[in-house]
2 protein chains.
Amino acid sequence: MAKLFHFMLDPYSRRVRLALQEQNVAVTLVDEKPWALSRQVVDLNPSRFLPVLQEDSGAVICGVEALGEYLEERITSEKSLLPGNALQRAEIRRLVAWFDVKFYSEVTEPLLTEKIIKRFMRTPSVPAMARVREALQRLKPHLDYVAGLAEQRSWLGGEELSLADLAAAAHLSAIDYLGDVNWADHPVAKSWYQRIKSRPAFRALLSDTLPALPPSAHYADLDF
Amino acid sequence: MAKLFHFMLDPYSRRVRLALQEQNVAVTLVDEKPWALSRQVVDLNPSRFLPVLQEDSGAVICGVEALGEYLEERITSEKSLLPGNALQRAEIRRLVAWFDVKFYSEVTEPLLTEKIIKRFMRTPSVPAMARVREALQRLKPHLDYVAGLAEQRSWLGGEELSLADLAAAAHLSAIDYLGDVNWADHPVAKSWYQRIKSRPAFRALLSDTLPALPPSAHYADLDF
């Protein structure tokens, strides 16, 4: 069986796990810590990005950008996560990049770095609370953006579930694990998140637990 | 004719310009300044990323990630910039992401921000020379990485020219404009760059000139 080297709260690893589940592709998960990668994963991907997929053939596919397209091209599945014509696919990819670049740099990265990585590194350091506060402020307009999309369309990228939803859910679920999403203030975004969180593909993510850092109280709750 | 809203030294805009030239697609270029985007481009792409392509139909495609794939799917051209099978295409996309995420954050972004953007903003500020020095240090192993790829393969992503070469050349040409690449110390990377720089698709980039900041002496020279 193929192996996916991943970190539980890494949003890029989460998106690939969700895509594999949606496409009914079974893999063996291998836990990695971004702050102390195994020798094996560094050998497979000297650039040190997660996730990394290693197929039975030995073929290695590195990075979320390549993996999203690779699964679409390679996996024989009736389900496309980039549905539609070239323009509709461009809109999905625009949103994926928006979450992976903008949302990540402004929200996911500072929260994960300050709350998780600094805590678990060999030489732990104190979280910069100013960065945490700034990230939480920036999260608010971004949840309004999600709500705006969800009001116009069945799913964020269009009329069908797509990689755009998986990217958004991957980032939001990672910070929801930390208890950092105030869903009550964002009912439309919450309603979209409830729908995707209830999908069977989401179940494995909801049972994730980091040693020494259990998830927030409502993290796995479908009626949060 | 379609319009491409771009900034001359933005590596993402440069890659799309190169791809359009390689695929023989003519567009009208509209100059934008990242630090003072026009109202028109903000309306087209509220996320404020360049480049943005507006087709004659009015269709708008935003962001380098979506555009790379869109041109591949949409433009009727004999020339693919993602050649090969799914694994070979994954390798090209891995490298594109490596340049766009890692090389950009460690080299291109600090050099452009400190040397260009801080200078031209409405309220100019002094460049942080420590950031510049750090970026130039990081450039060296990255040029060794380019050389390692160029020694193994005809082009960076495989046996054919691909988006990986265009991504690498887009970043390197932007900082070469600033005179920040010491090619003499990196003969193998230089040899690869000479090949891509000599292509007809590169010509338009080599005639770029920013008002008030002319290119480095060897920027447009094919025998640099």
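This one's a predicted model, so the numbers in the text were calculated from it and none came from an experiment. (Residues numbered from 1 in each chain as written. Chains lettered and ligands numbered in written order. Predicted model: local features only at pLDDT ≥ 70, side-chain atom pairs only at ≥ 80, totals over all residues. Heavy atoms only, no water.)

**Focus: the pairing of strand β1 (residues 3–6) of chain A**
Residue and element names in this part refer to chain A.
Logical step 1: Where β1 meets strand β2 (residues 28–31), four bridges bridge the pair, whose relative direction is parallel. Bridge pairing in β2 places H6 opposite D31.
Logical step 2: Once you follow β1 into helix α1 (residues 11–22) and on to β2, the crossover reads as right-handed.
Logical step 3: Two elements, β1 and strand β3 (residues 52–54), share three bridges in a ladder whose sense is antiparallel. By the bridge assignment for β3, F5 is matched with V52. (Pairing = 2+ DSSP bridges. Helix = DSSP H or I, 4+ residues; strand = E, 2+ residues; numbered from the N terminus. Right-handed = clockwise from strand over helix to strand, strands pointing away.)

**Some remarks on the packing of aromatic side chains**
All names here are of chain A.
Logical step 1: By the definition in use, this model includes 26 aromatic pairs over all chains.
Logical step 2: Between W98 and F103 the ring centres are 6.4 Å apart and the planes differ by 50°, which places this aromatic pair in the tilted class. Grouping residues by exposure puts W98 and F103 together as buried.
Logical step 3: Judged by centre distance (5.7 Å) and plane angle (65°), the ring pair of W183 and F224 falls under edge-to-face. On the criterion of sequence distance, the pair formed by W183 in the loop between α6 (163–177) and α7 (187–197) and F224 in the segment after α8 (203–206) is long-range, its members being 41 residues apart.
Logical step 4: Aromatic ring contacts, followed pair by pair, group W183, W192, Y193, F202 and F224 into a single cluster. (Phe/Tyr/Trp six-rings, centres within 6.5 Å; stacked < 30°, edge-to-face > 60°. Buried < 20%, exposed > 50% of the residue type's maximum accessible area, 1.4 Å probe, protein only.)

**Brief notes about the confidence of the model for chain A**
Logical step 1: Looking at chain A as a whole, the pLDDT averages 95, with 99% of positions reaching at least 70.
Logical step 2: Reported confidences for the modelled complex are a pTM of 0.95 and an ipTM of 0.93. (pLDDT = per-residue confidence, 0-100.)

**Some remarks on the environment of R93(B)**
Logical step 1: The residue R93(B) is located in helix α4 (residues 86–120) in this model.
Logical step 2: Excluding residues within four positions of it along the chain, R93(B) makes contact with A66(A), E69(A), E73(A), E69(B) and L82(B).
Logical step 3: A polar contact of 2.8 Å, which involves the side chain of R93(B), links it to the side chain of E69(B). (Contact = heavy atoms within 4.5 Å. Polar contact = N/O pair within 3.5 Å; in protein donor to acceptor, adjacent residues only side chain to side chain.)

**As for the pattern of salt bridges**
Logical step 1: Per the counting criterion, the structure on display carries 38 salt bridges over all chains.
Logical step 2: One salt bridge in this structure joins E73(A) and R89(B), with 2.8 Å as the shortest N-O distance. Of the two residues, E73(A) is situated in helix α3 (residues 64–74) and R89(B) in helix α4; the pairing between them involves two chains.
Logical step 3: Given the relative accessible area of 33%, E73(A) is considered partly exposed. (Salt bridge = Lys/Arg side-chain N within 4 Å of Asp/Glu carboxyl O.)

**Focus: the domain arrangement of chain A**
Residues and elements named next belong to chain A.
Logical step 1: Split by domain assignment, chain A resolves into domain 1 (3–74) and domain 2 (86–206).
Logical step 2: Each of domain 1 and domain 2 was reduced to a C-alpha centroid, and the two centroids are 19 Å apart.
Logical step 3: Taken together, the contact between domain 1 and domain 2 spans 16 residues of the former and 27 residues of the latter.
Logical step 4: Surface buried jointly by domain 1 and domain 2 totals about 2,000 Å² across both partners, of which 68% is contributed by carbon and sulfur atoms.
Logical step 5: Close ionic contact of R15 with D100 constitutes a salt bridge, the shortest N to O distance being 2.6 Å.
Logical step 6: Taken together, the links from domain 1 to domain 2 amount to six residue pairs in polar contact (both at pLDDT 80 or more).
Logical step 7: Classifying every residue of the side of domain 1 that touches domain 2 by side-chain character gives eight nonpolar, two polar and six charged. (Domains from an automatic or database assignment. Buried area = accessible area lost by both parts, 1.4 Å probe. Nonpolar A, V, L, I, M, F, W, Y, C, P; charged D, E, K, R; others polar.)

**Examining the interface of chain A and chain B**
Logical step 1: Contact with chain A, which involves 22 residues of that partner, is made by 21 residues of chain B.
Logical step 2: Taking both sides of the interface into account, the surface hidden between chain A and chain B amounts to around 1,900 Å²; carbon and sulfur atoms contribute 68%.
Logical step 3: Among the residues of chain A in contact with chain B, E73(A), L87(A) and R93(A) are the three that bury the most area, contributing 23% of the side total.
Logical step 4: Where chain A meets chain B, there are six salt bridges.
Logical step 5: Put simply, R93(B) and E69(A) hold a salt bridge, and the shortest N to O gap is 3.9 Å.
Logical step 6: There are six residue pairs in polar contact (both at pLDDT 80 or more) connecting chain A and chain B.
Logical step 7: Counting only elements with at least two residues in the side of chain A that touches chain B, the list comes to β4 (60–62), α3 and α4 (86–120) of chain A.
Logical step 8: Here the element with the most residues in the side of chain A that touches chain B is α4(A); it accounts for ten residues.

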